Amino acid sequence: MKQRIITAIIAAALFIPFVIYGKVPFAILVLAMAIVGFYEILKMKGISIFSVPGFLGLVTLILLVIPNDWSEKVVDLIGYSSNLMVVYGLMMLLLIYVVLVKNKITFDEVGFILLGAFYVGLGFHYLIETRNVGLEYVVYCLLVVWTTDSGAYFVGRKFGKNKLWPEISPKKTIEGFIGGIVIAVIFAVCMQLIYPFEDGYISLVVVTIFASIIGQMGDLVESAIKRHFDVKDSGNILPGHGGILDRFDSLLFVVPLLHFLNLFGS
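Criteria and thresholds
Residues numbered from 1 in each chain as written. Predicted model: local features only at pLDDT ≥ 70, side-chain atom pairs only at ≥ 80, totals over all residues. Heavy atoms only, no water. UniProt positions renumbered as here; feature names shortened; annotations may be inferred. Helix = DSSP H or I, 4+ residues; strand = E, 2+ residues; numbered from the N terminus. Rg over C-alpha atoms; globule rule 2.2 N^0.38 Å. Buried < 20%, exposed > 50% of the residue type's maximum accessible area, 1.4 Å probe, protein only. Contact = heavy atoms within 4.5 Å. Areas by Shrake-Rupley, 256 points an atom, 1.4 Å probe, with all protein chains shown as cover. Lys, Arg positive; Asp, Glu negative; His and termini not counted. Charge placed at Lys NZ, Arg CZ, Asp CG, Glu CD. Domains from an automatic or database assignment. Buried area = accessible area lost by both parts, 1.4 Å probe. Salt bridge = Lys/Arg side-chain N within 4 Å of Asp/Glu carboxyl O. Polar contact = N/O pair within 3.5 Å; in protein donor to acceptor, adjacent residues only side chain to side chain. Nonpolar A, V, L, I, M, F, W, Y, C, P; charged D, E, K, R; others polar. Phe/Tyr/Trp six-rings, centres within 6.5 Å; stacked < 30°, edge-to-face > 60°.

Under the annotation held in an unreviewed UniProt entry, the protein carries the name Phosphatidate cytidylyltransferase and is attributed to Lysinibacillus fusiformis. Listed under Sequence similarities (unreviewed entry) in UniProt, the entry text for the protein is "Belongs to the CDS family."

Draft legend 1. Structural detail: the overall build of the protein. In terms of regular secondary structure, the protein is built from eleven helices and two strands. Starting at the N terminus and walking to the C terminus, you meet the elements of the protein as α-α-α-α-α-α-α-β-β-α-α-α-α. Taken over C-alpha atoms, the radius of gyration comes to 19 Å for the protein, in line with the 18 Å a tight globule of 266 residues would show. Split into buried and exposed, the 266 residues of the protein put 45% on the buried side. Residue pairs in contact within the protein that sit at least 24 positions apart in sequence constitute 68% of those at least 6 positions apart. When the accessible surface of the protein is summed, it comes to about 14,300 Å², and 69% of that surface belongs to carbon and sulfur atoms. For the protein, the centre of its 19 positive side-chain charges and the centre of its 19 negative side-chain charges are spaced 11 Å apart.

Draft legend 2. Highlighting the domain arrangement of the protein. Domains assigned within the protein are domain 1 (1-132) and domain 2 (134-265). In this structure, domain 1 and domain 2 have C-alpha centres spaced 22 Å apart. Tallying the contact residues gives 27 residues for domain 1 and 32 residues for domain 2. For the pairing of domain 1 and domain 2, the buried interface totals around 2,600 Å² over both sides, and the portion due to carbon and sulfur atoms is 75%. Taken together, the links from domain 1 to domain 2 amount to zero salt bridges. Taken together, domain 1 and domain 2 are joined by seven residue pairs in polar contact (both at pLDDT 80 or more). Of all the elements in the fold, those that place two or more residues in the side of domain 1 that touches domain 2 are helix H1 (2-21), helix H2 (23-45) and helix H6 (107-133). Ranked by the residues each element gives to the side of domain 1 that touches domain 2, the list is headed by H6, at twelve residues. For the side of domain 1 that touches domain 2, the residue count by class is 16 nonpolar, six polar and five charged.

Draft legend 3. Region of the structure containing the packing of aromatic side chains. Per the counting criterion, the structure on display carries six aromatic pairs. Ring centres 5.7 Å apart and planes at 50 degrees place the aromatic pair Phe124 and Phe248 in the tilted group. With Phe124 in helix H6 and Phe248 in helix H10 (residues 244-248), this residue pair connects regions lying 124 residues apart in the sequence. Judged by relative accessible area, Phe124 falls into the buried class, the value being 1%.

Structure (structure tokens):
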């Protein structure tokens, strides 16, 4: 526990200034975290990021992560009509590579690489775009994820009796799941009192409940992936906390869905 606390304090001290400043430094930091997360998910499958398919997947990831204004510059430079066309071209190259190496890498592995790039890439992309909308929105997302996670842990530890999904995450409980939502709502309302950023409290509460549920589902998805590949943590870059995906699994679900539903009004 002592190691977890020290790591959390150091990580927060390094991460928070980038969040506050935003702009290019924040985008570069998020891109770096996305690359590490992609490395972690490929490693679970036994695919080297330094292999040809791993490299093509990495380029796909980078194109998915970078901010929209950067993407426009990339497609202008290459001469394509959209970033999606470049990603499609990389997918074609991956499939052609399967033929060239006579199935030494399989169609299933190509699918895993592409799904991993989209899973990690789009989540971190929308983290950047959320910061571009405004500091208060990225603070809200981080607040919801962190308070949900902490609330679920402490409420589940104190009152948890009924297992939520023992086949995937044996320690999580229904009581903790509900407790995480309640704690997230309380902190979101407190944030609204200090710095109003929503039209009303009803809207804020509804959005927070939704985000908290989705965030916990993102955590369960990461647990399911790790259980499938029989690993405890996605990586070991954060002592006591595992890897990048272990810490950002909920956020990868929360920020894209809030954008898709236009809950930020931008």
